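The residues making up each chain are set out below.
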Amino acid sequence: MQTIVIGHKNPDMDSICAAIGYARLKTLSGVPDVIAARAGNTNERIDFVLAKFGVDAPAFINDVSPRVVDVMQREVISVRADSVIYDAVQIIERNRLRGLPVVDADNRCLGLLSTFKVNHYLFPPRDEALAARTVTATLADIVESFGGKIISGEKSDAIEKFVLVIAAMQTDSFTKRLEKLRGQNMILLVGDREQIQLNAIADGVRAIVITGGLSATDRVREGAKRAGVTLISSPQDTATSVLLSRGAIKVERMLSSELKTFKPETSLADAREIAATSHAFVFPILDDHGALVGILSKSDFIKPVPRQLILVDHNELSQAVAGADKLPIIEVLDHHRLGGFSTASPIHFWNYPVGSTSTIVALCYEQMRVSIPRDIAGLLMAGLISDTLNLTSPTTTPTDCRVAQLLADIADIEPSILAEQIFSVGSPLSTMTAEHVVTADCKEYDEANVRFTVAQIEEMNFTRFYERETELADALSAFRGKHGLYFSALFVTDVNTQDSLLLLSAPPEFLRKIDFPMKHDNLWELPGVVSRKKQLLPHLLSLLKS
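Described below are features of the structure shown in this document.

Conventions we followed
- Residues numbered from 1 in each chain as written.
- Predicted model: local features only at pLDDT ≥ 70, side-chain atom pairs only at ≥ 80, totals over all residues.
- Heavy atoms only, no water.
- Pairing = 2+ DSSP bridges.
- Helix = DSSP H or I, 4+ residues; strand = E, 2+ residues; numbered from the N terminus.
- Expected span 1.5 Å × (residues − 1).
- Salt bridge = Lys/Arg side-chain N within 4 Å of Asp/Glu carboxyl O.
- Buried < 20%, exposed > 50% of the residue type's maximum accessible area, 1.4 Å probe, protein only.
- 1 Å grid on protein atoms, 1.4 Å probe; cavity = no way out; pocket = protein on both sides within 12 Å on 5 of 7 lines; lining within 4 Å.
- Points joined across faces, edges and corners; volume = space filled by probe spheres on them.
- Nonpolar A, V, L, I, M, F, W, Y, C, P; charged D, E, K, R; others polar.

**A look at the pairing of strand E18 (residues 442-447)**
Examined bridge by bridge, E18 and strand E19 (residues 450-459) share six bridges and lie antiparallel to one another. Paired with Cys442 across the bridge in E19 is Ala455. Counting the residues between successive antiparallel strands, the hairpin from E18 to E19 contains two residues, one of them, Ala448, with a positive phi of roughly 55°.

As C-alpha cells, then:
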C-alpha cells in the first residue's frame, strides 16, 4: 500500500515543506512506501529553499484517481499466435482461464482466444458437424498433436487444408466413400487394415495415420513411397488421434473478433463504464507500443486500490488534488478552518490553530520522539517563516515561536536571515505571467453553494503590482469566468509594511459590500491585514452571509 503525503492544489511553501517533512517522519517511523507529493508547480522561492537544504522537490501528481494499473493483473499468461490450439487449451485448463491473450514474437497483443470459441470449434453444433472433419494446419503440427512419428515421406511445415477421413466400414463401402472424396486433401486415420491403406494410396490421399501404435506392412510402405503418400504412426487409438488432430490449427486462426483494450493510465471509472456494457470477459492492458503489460477481468474492478492519502495544509476537498475523494484519506494535518470533511472510518485528524502546518509537523516529531534531520528542520523553518511572515502575522502563536527556535538550532541558521533570503528571491510579480499570479497559491472555497477563490502572493513592496494591475484584473476576471466562480480575489501582501491590497472580480452587489478603504474600482487597501485564513477569509464569509 502506497501512502501519498500531499498538500493542496497551487501549493505554497508551507504545503510543500510540510509534505516533505511528514513523509520523512513516516519513513523514519518504519511506515513502508511513503512518498511526498505536490499537486501543482513550485516557484522560485520554494526551489531556492529546496536547493538550500539539498532536498528534491516532491513528486508531481495532479490526479490520484484510481487507474487501471492499480488493479490490473501484472503476471499475464499469454500464448503465441503461432502456437497450436492444443497447447493453448492445455494452458487454459491448467490455469482455469476464461480466455487467453494472444501475442506475437514482440509481445504485442493481437487478440484474445476465448474458451467459447475453442469449444465451438472442438464441439460444433450438429448442423455444423461436417465442418469438424476439416483442419487447416501443417502436417508437422498434426503429427505433433497426437505425439506421432513419420514412417515414411515428408513432414511438411506448410499450412494446408486437410479433410480427416476415418476408415470405420468394410473395404467395399469405404472404397465407394473414397471415390466421393476424390480430389480433396485427405488424411486417412485407420488401424492395421492393409487393404484399405493400399486402396487409399491408390486413390491419392495426402497422408495415412496408422493408429494404435501399429506398424505398416512392406507392401504399404512401398506403395506409399511410390505414390508420394506420407505414412504416420500414432500411439493413440483412432478416435483420440482424430480429436487431437483438430487441435493442430494455429491460435491466430481463432482470435476473438471483439477486442477491447485499455492503457495502464486509463481511469478505472472510465474502464468500468466500458466494461459494464461489453460482452468481453477480459481486457488486455497495452503500453504505448501495443505490448501486453497486464490483463483486467471484471472481478478486478472490486479490488481495493493500493494507494491512500495523507492531506497536509488543507482539509477541504475543493482544494485537494483531483481524485482525492476516490481514495482513503487516513490522516489530515492542518491549521485552517474545517471544510465539511467526512470519512468512512476514524482517522488521525490534527487541526491546530498555529501559524503553519510546518509547525504541526515539527510537533509530530516531538510527539513520536524522533529527531528532526537537519535538512527537514531547514524546510520546516522555511514553511513556518513563509506562512507567518517571519513570525509577524497575527496567526503566529507562542508555539510557532518556540518551534522556530528549535528548528533554527537544528538547521544552524537564524530565522531572520532565512526570512530575508526567502523574501528576496523570485518576486511573483516579476517572474510570473498574470495568469499564473492569480492561480499561484490559489485556494477554492465552497460556502452555502457559493464557490469562490482567494489567491495570495507576498511582495517586498507594491510597485510591480501597480505596474501590472490592469493585466492582473483581466486575468482574474478571465479565471473567474472560466471556472464559473461567484468571485475571485487576489490578495497581495507587502512583507515589509505588513499591509495588503485586495483585487476582486465579483458581481456588483458583492463589490458594494466590501468595507475596506477603496483605492478605486475593484481594488481595496487592507492596512495591517496579512493573513488569508485568519483575517481576510472570515471577513469575506461574513459578507457572503449578509
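**Observations regarding helix H13 (residues 374-388)**
Compared with an ideal rise of 1.5 Å per residue, which puts 15 residues at 21 Å, H13 spans 21 Å between its outermost C-alpha atoms and is within 8% of the ideal. Within two residues after H13, Leu389 carries a phi angle of roughly 50°, on the positive side.

**Focus on the pattern of salt bridges**
If the charged atoms of two oppositely charged side chains come close together, the side chains can form a pair. Overall, the coordinates contain 21 salt bridges when judged by the stated rule. Close ionic contact of Lys250 with Asp141 constitutes a salt bridge, the shortest N to O distance being 2.8 Å. Taken together, the residues Lys250 in the loop between helix H10 (238-245) and helix H11 (268-276) and Asp141 in helix H6 (residues 139-145) connect sequence positions 109 residues apart. Residue Asp141 is classed as buried on the basis of its relative accessible area of 17%. Residue Lys326 pairs with Asp325 through a salt bridge whose shortest N-O separation is 3.7 Å.

**Structural notes on the pairing of strand E10 (residues 186-190)**
Among the five residues that make up E10, five are buried, leaving the element largely enclosed by the rest of the structure. Residues Met186, Leu188 and Val190 line one face of E10 and the alternating positions Ile187 and Leu189 line the opposite face, and both faces are buried. Taken together, the four bridges between strand E9 (residues 159-166) and E10 define a ladder with parallel strand orientation. Each bridged residue has a counterpart across the sheet, and for Leu164 the counterpart in E10 is Ile187. Both E10 and strand E11 (residues 207-210) contribute to a ladder of four bridges, which runs parallel. Across the sheet, Leu189 pairs through a bridge with Val209, a residue of E11.

**Focus: unusual backbone geometry**
In this structure, Leu391 is a non-glycine residue whose phi angle is positive, near 70°. Tracing the backbone shows Leu391 in the loop between H13 and helix H14 (398-411). For Leu391, a relative accessible area of 26% gives the class partly exposed. Positive phi, close to 45°, is recorded for Asp441, a residue that is not glycine. As for its position among the elements, Asp441 is in the loop between helix H17 (434-437) and E18.

**Some points on helix H18 (residues 463-483)**
For H18, spanning 21 residues, the distance from its first C-alpha to its last is 29 Å, which sits close to the expected 30 Å at 1.5 Å a residue. Regarding H18, the residues found buried are Phe465, Arg468, Glu469, Leu472, Ala475, Leu476 and Phe479. Among the residues trailing H18, Gly484 stands out with phi positive, at a value near 60°.

**Overview of the layout of surface pockets**
Volume-wise, the largest pocket comes out at about 540 Å³. Forming the walls of the largest pocket are 36 residues, and the residues nearest its centre are Asp12, Met13, Asp441, Gln456 and Glu458. Those elements that place two or more of their residues in the lining of the largest pocket are helix H2 (44-52), H13, helix H15 (415-423), E19 and helix H20 (532-545). Residues belonging to the lining of the largest pocket are distributed by class as follows: 12 nonpolar, 15 polar and nine charged. By volume, the second largest pocket is sized at about 360 Å³. If you go around the second largest pocket, you meet 20 residues; those closest to its centre are Asn10, Thr439, Cys442, Phe479 and His483. Looking at which element gives the most residues to the lining of the second largest pocket, the answer is H18, with five residues. Considered class by class, the residues forming the lining of the second largest pocket number six nonpolar, eight polar and six charged.

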